[in-house]
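Structural characterization, general
This is what each chain is made of:
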Amino acid sequence: MYSNPMQHPQRFNKYEQSSPYYEKYYKAQGIINPEEEEQFMKVMKTPLPTSFRLTKSSETFPKVNEVINKIISEIPDEYRPHTFGWCPNTYQLEVERKQIRKCEQYNALHKFMILMNESGEISRQEVVSMLPAILLDVHEGSSVLDICAAPGSKTSQLVEMVGPTGCVVANDADKQRSYLLTHQTKRLSAPHIVITNYRAQELSFNGFQFDRMLCDVPCTGDGTIRKNVDARTKWHVMNAYTLHREQLDIMKHVLCHVKVGGKFVYSTCSLNPIEDEAVVAELLRTYGDSIELIDARPLLPTLKFSEGVSEWKVFDKHFTVMKDKNDNIPITAFPPKPEEAAKFHLEYTLRILPHQQNTGGFFTAVFIKKGETLAPPPKQKKEKKYIGENGEEVIEKHPTKRRRGMAPLDEQELKPLLSTPEGEKLFESIKKFYTLSDSFPKDQLYVVGEDCLTIHYLSKTSTLLAHDIKVISGGVKMFKRHKSELVGAYRIVSEGVVTLGEYIGQDRCIEVGHEMFMKLLGEDVLLSEFKKEFKGNGCYLVKVVDGILKGNCYCGWVGRVYLSMLINKQDLDALRFLFNISAPEKKLHREIDDCLDDDQKLKKEENKEN
Ligand SMILES: C[S@@+](CC[C@H](N)C(=O)[O-])C[C@H]1O[C@@H](n2cnc3c(N)ncnc32)[C@H](O)[C@@H]1O
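Each value, and the rule that gives it
- Residues numbered from 1 in each chain as written.
- Predicted model: local features only at pLDDT ≥ 70, side-chain atom pairs only at ≥ 80, totals over all residues.
- Heavy atoms only, no water.
- Domains from an automatic or database assignment.
- Contact = heavy atoms within 4.5 Å.
- Buried area = accessible area lost by both parts, 1.4 Å probe.
- Salt bridge = Lys/Arg side-chain N within 4 Å of Asp/Glu carboxyl O.
- Helix = DSSP H or I, 4+ residues; strand = E, 2+ residues; numbered from the N terminus.
- Pairing = 2+ DSSP bridges.
- Near = heavy atom within 4 Å.
- Polar contact = N/O pair within 3.5 Å; in protein donor to acceptor, adjacent residues only side chain to side chain.
- Areas by Shrake-Rupley, 256 points an atom, 1.4 Å probe, with all protein chains shown as cover.
- Nonpolar A, V, L, I, M, F, W, Y, C, P; charged D, E, K, R; others polar.
- Buried < 20%, exposed > 50% of the residue type's maximum accessible area, 1.4 Å probe, protein only.
- Axes fitted to C-alpha atoms, helices over the stretch in contact; angles between N-to-C directions.
- Parallel < 35°, antiparallel > 145°, perpendicular 65-115°, else oblique.
- Left-handed = near helix turned anticlockwise from the far one by under 90°.
- UniProt positions renumbered as here; feature names shortened; annotations may be inferred.
- Core = buried A, V, L, I, M, F, W, Y, C linked by side-chain atoms within 4.5 Å.
- Phe/Tyr/Trp six-rings, centres within 6.5 Å; stacked < 30°, edge-to-face > 60°.
- Lys NZ or Arg CZ within 6 Å of the ring centre and 35° of its normal.

This paragraph deals with the domain arrangement of the chain. When the parts of a complex come together, some accessible area is lost, and that lost area is often used as the size of the interface. When cut into domains, the chain gives domain 1 (5-127), domain 2 (129-369) and domain 3 (505-610). Between domain 1 and domain 3, the residue contacts involve 15 residues of the former and 14 residues of the latter. Summed over both partners, the interface of domain 1 with domain 3 comes to about 1100 Å²; 72% of that surface belongs to carbon and sulfur atoms. Three residues, E59, K63 and L115, lead the burial of domain 1 against domain 3; their summed loss comes to 43% of the area buried on that side. Counting across the domain 1 and domain 3 interface gives zero salt bridges. Counting only elements with at least two residues in the side of domain 1 that touches domain 3, the list comes to α3 (61-73) and α5 (107-118).

Taken together, five strands build an open sheet; the order of strands is β23-β25-β26-β27-β24 and the sheet is mixed. Where the open sheet ends on each side, the last strands, each with one partner, are β23 (509-512) and β24 (525-526). Judged from the two bridges that link them, β24 and strand β27 (residues 562-565) form a sheet pairing that is antiparallel. When the bridges of β27 are listed, V525 appears paired with L563.

This part covers the site of the ligand. As a structural note, the neighbourhood of the ligand is formed by 23 residues, with K154, D172, R177, A200 and D216 the closest of them. The backbone of A150 places a nitrogen or oxygen atom 3.2 Å from an oxygen atom of the ligand. The contact in question runs from an oxygen atom of the ligand to an N or O atom on the backbone of P151, over 3.3 Å. Contact with the protein chains removes 91% of the 610 Å² of surface that the ligand exposes when unbound. Residue assignment for the shell around the ligand shows that the elements contributing at least two residues are α7 (153-162) and α10 (239-254). In the shell around the ligand, the residues fall into eleven nonpolar, four polar and eight charged.

Extensive coverage of strand β1 (residues 50-54) is indicated by the burial of five of its five residues. Judged by which residues are buried, β1 turns out to be covered on both faces: T50, F52 and L54 on one side and S51 and R53 on the other are all buried. Note that β1 and strand β3 (residues 87-93) share four bridges and pair antiparallel. Each residue of the ladder has a partner; that of T50, found in β3, is L93. Judged from the three bridges that link them, β1 and strand β4 (residues 122-124) form a sheet pairing that is antiparallel. Looking at β4, one finds that L54 is bridged to I122.

This part covers the environment of Y25. In this fold, Y25 is placed in helix α1 (residues 20-29). By relative accessible area, which is 0% here, Y25 ends up buried. Between the alpha carbons of Y25 and D216 there is a distance of 24 Å; along the sequence they are 191 residues apart. With residues near it in sequence (within four places) discarded, Y25 still touches W235, V237, N272, I274, K313, F315 and F319. A polar contact of 2.8 Å, which involves the side chain of Y25, links it to the side chain of N272.

This part is about the packing of α10 against helix α11 (residues 277-287). The contact between α10 and α11 brings their axes to 10 Å, and the two run at 40°. One finds that α10 runs oblique with respect to α11. Of the two possible hands of crossing, α10 and α11 adopt the one that is right-handed. Contacts between α10 and α11 involve H244, Q247, L248, M251 and K252 from the former and A278, V279, E282, L283, T286 and Y287 from the latter.

It is worth spelling out unusual backbone geometry at this point. Put simply, A150 and P151 share a cis peptide bond, and its omega is 5°. By the element assignment, P151 lies in the loop between β5 (143-146) and α7. Although it is not a glycine, N206 adopts a positive phi angle of roughly 50°. Mapped onto the fold, N206 is located in the loop between β7 (193-196) and β8 (210-216). Given the relative accessible area of 57%, N206 is considered exposed.

Here the focus is the UniProt feature "binding site: S-adenosyl-L-methionine" (unreviewed entry) in the chain. Feature annotation in UniProt assigns "binding site: S-adenosyl-L-methionine" (unreviewed entry) to the following positions: C148, A149, A150, P151, G152, S153, K154, D172 and D216. A maximum C-alpha distance of 12.9 Å is found for the annotated residues, which run over 69 residues; spatially they form one tight group. Note that A149 resides in the loop between β5 and α7. The exposure class assigned to P151 is partly exposed, which follows from its relative accessible area of 38%. In this structure P151 touches R177, L180, L181 and Q184, once residues within four positions along its chain are discounted.

Here the focus is the UniProt feature "active site" (unreviewed entry) in the chain. Per the UniProt annotation, the sites labelled "active site" (unreviewed entry) are C269. With respect to the element layout, C269 can be found in the loop between β9 (258-268) and α11. Residue class for C269 comes out partly exposed when judged on its relative accessible area of 23%.

Counting through the fold element by element, S129 comes out in the loop between β4 and α6 (131-135). Expressed as a C-alpha distance, the spacing of S129 and G360, which sit 231 residues apart in the sequence, is 8.4 Å. Leave out the neighbours within four places in its chain, and S129 touches S153, K154, Q157 and F362. Within the local environment of S129, its side chain forms a polar contact with the side chain of Q125, the two groups lying 2.9 Å apart.

Right, let's talk about the side chain of S473 for a bit. Along the chain, S473 turns up in strand β20 (residues 473-474). Exposure remark for S473: the relative accessible area of 18% places this residue in the buried category. Residues contacting S473, with those up to four places away along its chain left out, are T182, I193, V194 and I195.

To continue, consider the nonpolar core. Among soluble globular proteins, nonpolar side chains are generally buried collectively. In this structure, Y26, F40, I147, M213, M251, V280 and F367 are the most contacted members of the largest nonpolar core, which totals 70 residues. When residues in this core are grouped by element, the largest group, seven residues, is from α11. Counting contributing residues per domain, this core is built from domain 1 (5-127) and domain 2 (129-369), each supplying no fewer than three. Beyond its immediate sequence surroundings of up to four residues, V280 is in contact with Y266, L293, L346, T349, F363, A365 and F367.

So, about the packing of aromatic side chains. Tallied over the full model, the rule gives 25 aromatic pairs. Three or more aromatic residues link up through ring pairs in this structure, and these residues are Y21, Y22, Y25, Y26, W235, F315 and F319. The positively charged end of R508 is found above the aromatic ring belonging to Y540, 4.2 Å away from the centroid.

Pasting the structure below:
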């Protein structure tokens, strides 16, 4: 172990590898101030610092904030993480992620980061990647469409910003990555997220239009080369043209999903004007007065950036400057004509260069929609006609070509619980068991498939959308069926516990003080220690009534003798760390993973108590 990882002699070697064309290209483009060129090239060859964002919407945030402040105050000045004025609740350490554990000054912080990341109390996210969501001007209650969302760092920000009265539809064309999205956002226990798996060009919401749309489109990613060395070594001048076409195709198909007066942000982690200003210019050219580019420069006064450019060079594969389109270079890749440039104001867009505040590279443009826009007509599928066995004309439609590396789409439909044959009866039995109040919004309960194994809860706005679209997942899981039906057919899932807290009756709610909750985090507690008459065994909601966690709700399990917390391992480890509670030597009931799919384990525990 060495005390200052920034001084390690070996650490920059792999970053020295470079595509000679990458440097030549960016020197030629004029997007970097010539006086800063050397600094830019130098910083691009150093690893990316580490940053993370606190989940402010978490119920545990006040404690997390208290603990991180204490940890940071104990780190020597020269190592201390710093914040950015424009980026709330975010910290950056001037050291690459892999080096943190090797630096003794970061021991406590490292442990904090691991545990809090697993439980969703923090998100590891690159600072510049937080920009689009911040610039999108999202409000509580907004409906937001995130068209290229996986793996979901920006989606998580948006979910926090709109809160449970809003809705975020997070979409990605890649199925595997959509599941990553589910994993990432599950940690937020948000009833207002719906995850879909469509090509953005094929999304349809039956006329529903969103307040905001984030378009963080696929790109060459050459602004990320500080963490993704491949993006540098495999860099090729022609890659940007392929992405440029896809970016425009996506954008032209999705503008119709934003309502008039709504805003959308276009962003890439590429520094290349072909993927950035050229796309913005073509959108302005195509949609005229229906969209307007907002001047983003004054929006975040403490952000360091370079304004967008109206001139750039278009190279062919031999690195010759081109004056006109050819088969490989679309006309839309060229800079706007002077009269267009005067109208477009591409200087309103922001390019963040890595040396400006020791970050990755990024580009972003903010728009407002002023009038309706039409999506391009669907492409005609090729048809093959031939004469069939009986002399009839057969038309064979060729399936759309799938993008390489993309899994076939297999979505599922979310259906209102009440629309299923047993739905009403099932809800009544859950309502009775958990003594839910009459105001419980039962029409916001949804199921996947006919078996009603898991019941989801969706925010009101999400339900407006969830009809008629196929989803990967939606809302939070609130109830899950026990196989045993020993004690209530459905148990509470911790994701849904926050919402449920509002509606659950006294019979199934146990109120505990801070001290008792701390005790429950360390051990099962005898039922006789509670001044409560328990209405049978099974799942209960445990509500903390004082202290820093006041009002927070958790899942508990009442057996014959003990009350045990049903908190998943990641959350339990995080809570124990925050409150400095050492894990008991004996494995406790509550450490069985929250999923409790395995009812055998539960029964075994119950039998043990009996
Ligand atoms: C730059 S990444 C998005 C990063 C994401 N916004 C985040 O903050 O974590 C681009 C994403 O677009 C997806 N993608 C590529 N082509 C797409 C298309 N035609 N429609 C929708 N998503 C697409 C890719 O699978 C990839 O996950």
